[in-house]
Amino acid sequence: MDFLEIAKRRYATKKYNAAKKISAEQIEELKQIIRLSPSSINSQPWRFTFVTNETVKKELASQSYMNEQAINDAGLLVVFSVMDNIEHFEKRNIAILPEGWITGFYEPMIKANGDAATQSWMEHQVYLSLGYFLSACASMGLDSTPMEGINRTAYKEILQQDGYAPLFAVTVGYADVSDLTHPSVSPKSRFDLEEVVKSV
Ligand SMILES: Cc1cc2nc3c(=O)[nH]c(=O)nc-3n(C[C@H](O)[C@H](O)[C@H](O)COP(=O)(O)O)c2cc1C
């Protein structure tokens, strides 16, 4: 597998082929992959909700602004949520960690900064899993779109997952041939390598 080629091919798909859906086996593989996502001190403050039920997907799509059509056309929508009760997070996820990770890192470097900073750090872990997931999709020949353009409050109400707050979503499927954002039509736009990567 040539990762550079995969990185050049992956792009935020805007238009999906509604007739070509991701298979049940691919969905199962993606579930196993996302579970293995890394996080600081293995804190795993997340939930990944795989939505294939068309009624639920349509309801979420209607709360997704400019992303509505893509969600309706793609076969899979994954909602990435963060745990939103720090007390519960500490009991379930932190208390089971090696003592040194808690007293040497979590307590002095995260918790000591207060609840808002701790919650923000938890969200960073979920965002990290997004990059991992997008790369995994591309490596499987699947197209995907990360979406912050969702109504988080409405998503929380629709999904009814106590203790978890939706942050963003990802559609997965196959791009339509007419998608004008495909890299073959719209070349990737990035700052020059020399500007963003430094060697010392
Ligand atoms: C966290 C995040 C949120 C994004 N939200 C949206 C979104 O709501 N809708 C959308 O069409 N693209 C969204 N994008 C896609 C970006 O616009 C896209 O990744 C960026 O322009 C670079 O293009 P490329 O991914 O095709 O290389 C999002 C990307 C990221 C990483």
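Because the structure is predicted, anything quoted here is derived from the model rather than measured. (Residues numbered from 1 in each chain as written. Predicted model: local features only at pLDDT ≥ 70, side-chain atom pairs only at ≥ 80, totals over all residues. Heavy atoms only, no water.)

## What about the overall build of the protein?
Each helix and strand counted, the protein has nine helices and four strands in total. The helix and strand sequence of the protein, counted from the amino end, reads α-α-β-α-α-β-α-α-α-β-α-β-α. A compact globule built from 200 residues would reach a C-alpha radius of gyration of about 16 Å, and the protein, at 18 Å, matches this within 12%. Projected onto its principal axes, the C-alpha coordinates of the protein cover approximately 55 × 50 × 30 Å. Per-residue burial for the protein yields a buried fraction of 44% across its 200 residues. Long-range pairs, those at least 24 residues apart, make up 80% of the contacts in the protein with a sequence separation of at least 6. When the accessible surface of the protein is split by element, carbon and sulfur atoms take 54% of a total near 11,300 Å². (Helix = DSSP H or I, 4+ residues; strand = E, 2+ residues; numbered from the N terminus. Rg over C-alpha atoms; globule rule 2.2 N^0.38 Å. Buried < 20%, exposed > 50% of the residue type's maximum accessible area, 1.4 Å probe, protein only. Contact = heavy atoms within 4.5 Å. Areas by Shrake-Rupley, 256 points an atom, 1.4 Å probe, with all protein chains shown as cover.)

## Some thoughts on the site of the ligand
Lining the immediate surroundings of the ligand are 15 residues, of which Arg-10, Ala-12, Asn-67, Lys-188 and Arg-190 lie closest. Arg-190 places a polar side-chain atom, nitrogen or oxygen, 2.7 Å from an oxygen atom of the ligand. When the ligand is considered free in solution it has 630 Å² of accessible area, and contact with the protein chains removes 66% of it. For the shell around the ligand, the secondary structure elements donating two or more residues are helix 7 (115-139) and strand 3 (143-147). Among the elements that line the shell around the ligand, the one with the most residues is strand 3, at three residues. (Near = heavy atom within 4 Å. Polar contact = N/O pair within 3.5 Å; in protein donor to acceptor, adjacent residues only side chain to side chain.)

## Points about the nonpolar core
With 38 residues, the main nonpolar core has Leu-30, Phe-50, Phe-80, Phe-133 and Val-172 as its most contacted residues. Only helix 2 (24-35), strand 1 (46-51), strand 2 (76-83), helix 5 (86-94), helix 6 (99-110), helix 7 and strand 4 (164-173) provide two or more residues apiece to this core. For this core, the leading source of residues is helix 7, giving eight residues. In this structure, Leu-77, Val-79, Leu-159 and Ala-169 belong to the second largest nonpolar core, which totals 14 residues. (Core = buried A, V, L, I, M, F, W, Y, C linked by side-chain atoms within 4.5 Å.)

## Section: the environment of Tyr-132
Mapped onto the fold, Tyr-132 is located in helix 7. Residues Tyr-132 and Gln-160, spaced 28 residues apart in sequence, show a C-alpha to C-alpha distance of 26 Å. In contact with Tyr-132, other than residues within four places in its own chain, are Ile-33, Leu-36, Ser-37 and Pro-38.

## Comments concerning the environment of Tyr-11
With respect to the helices, strands and loops of the structure, Tyr-11 is situated in the loop between helix 1 (3-9) and helix 2. A relative accessible area of 4% means that Tyr-11 is categorised as buried. Put simply, Tyr-11 and Pro-187 are 176 residues apart on the chain and 10.0 Å apart in space, counted from C-alpha to C-alpha. Aside from chain neighbours lying at most four places away, what touches Tyr-11 is Asp-143, Ser-144, Ala-175, Asp-179, Thr-181, His-182, Pro-183 and Lys-188. Side chain to side chain, Tyr-11 and Asp-179 meet in a polar contact 2.8 Å long.

## Examining the side chain of Thr-13
As for its position among the elements, Thr-13 is in the loop between helix 1 and helix 2. If sequence neighbours within four positions are ignored, Thr-13 has contacts with Asp-143, Ser-144, Thr-145, Ala-175, Asp-179 and Thr-181.

## Digging into the pairing of strand 4
Counting buried residues in strand 4 gives ten out of ten residues, a clear majority hidden from the surface. Judged from the eight bridges that link them, strand 2 and strand 4 form a sheet pairing that is antiparallel. Bridged to Met-83 within strand 4 is Tyr-164. When strand 3 meets strand 4, the two strands line up antiparallel, connected through five bridges. Looking at strand 4, one finds that Met-147 is bridged to Ala-169. (Pairing = 2+ DSSP bridges.)

## Regarding helix 5
Those residues of helix 5 lying buried are Ile-86, Phe-89, Glu-90, Asn-93 and Ile-94. The buried residues of helix 5 occupy an angular sector of 105° when projected down its axis, which confines them to one face. When the buried face of helix 5 is taken as reference, the exposed residues oriented beyond 90 degrees from it are Glu-87 and Lys-91. Here the buried face of helix 5 lies against strand 2, helix 6 and helix 7. (Arc of directions from axis to C-beta.)

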